[in-house]
Amino acid sequence: MVRRIVHQWRDWLLEYIGGDNYELIQKDTQEVFTIMAKDAMDAENKSQQIIKNTKEERV
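Residues numbered from 1 in each chain as written. Predicted model: local features only at pLDDT ≥ 70, side-chain atom pairs only at ≥ 80, totals over all residues. Heavy atoms only, no water.

A word on the side chain of T54
The topology assignment puts T54 in helix 1 (residues 40-58). According to the relative accessible area criterion, T54 is buried, its value standing at 8%. (Helix = DSSP H or I, 4+ residues; strand = E, 2+ residues; numbered from the N terminus. Buried < 20%, exposed > 50% of the residue type's maximum accessible area, 1.4 Å probe, protein only.)

This is the structure:
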């Protein structure tokens, strides 16, 4: 399986893991979210929504 970094934010890392699958990893807690997306841009958009929702839950 080939993994490659698609995007990196300060506290998050988005990796392509193959096929239509991506992983969004929260660096501090090592929490992993699996994302199915048609391309990297779609994965980034879905990642932004997950990041936003996660921040709202922690407030």
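The rest of the description comes next.
As for the pattern of salt bridges
Pairing of side chains with opposite charge becomes possible as their charged atoms draw close. The full count for this structure, using the stated rule, is three salt bridges. E15 is the salt-bridge partner of R3, the closest N and O atoms lying 2.7 Å from each other. Here R3 is found in the segment before strand 1 (4-8), whereas its partner E15 is found in strand 2 (residues 12-18), with twelve residues between them in sequence. Overall, the relative accessible area of 39% leaves R3 in the partly exposed class. Here K46 ties to D42 by a salt bridge, and the two come within 3.7 Å at their closest N and O atoms. Here K46 pairs with D42, and both are found in helix 1, just four residues apart, close to one helical turn. On the basis of relative accessible area, K46 is assigned to the partly exposed category, the value being 34%. One salt-bridge network, held together by shared partners, links R3, E15 and E23. (Salt bridge = Lys/Arg side-chain N within 4 Å of Asp/Glu carboxyl O.)

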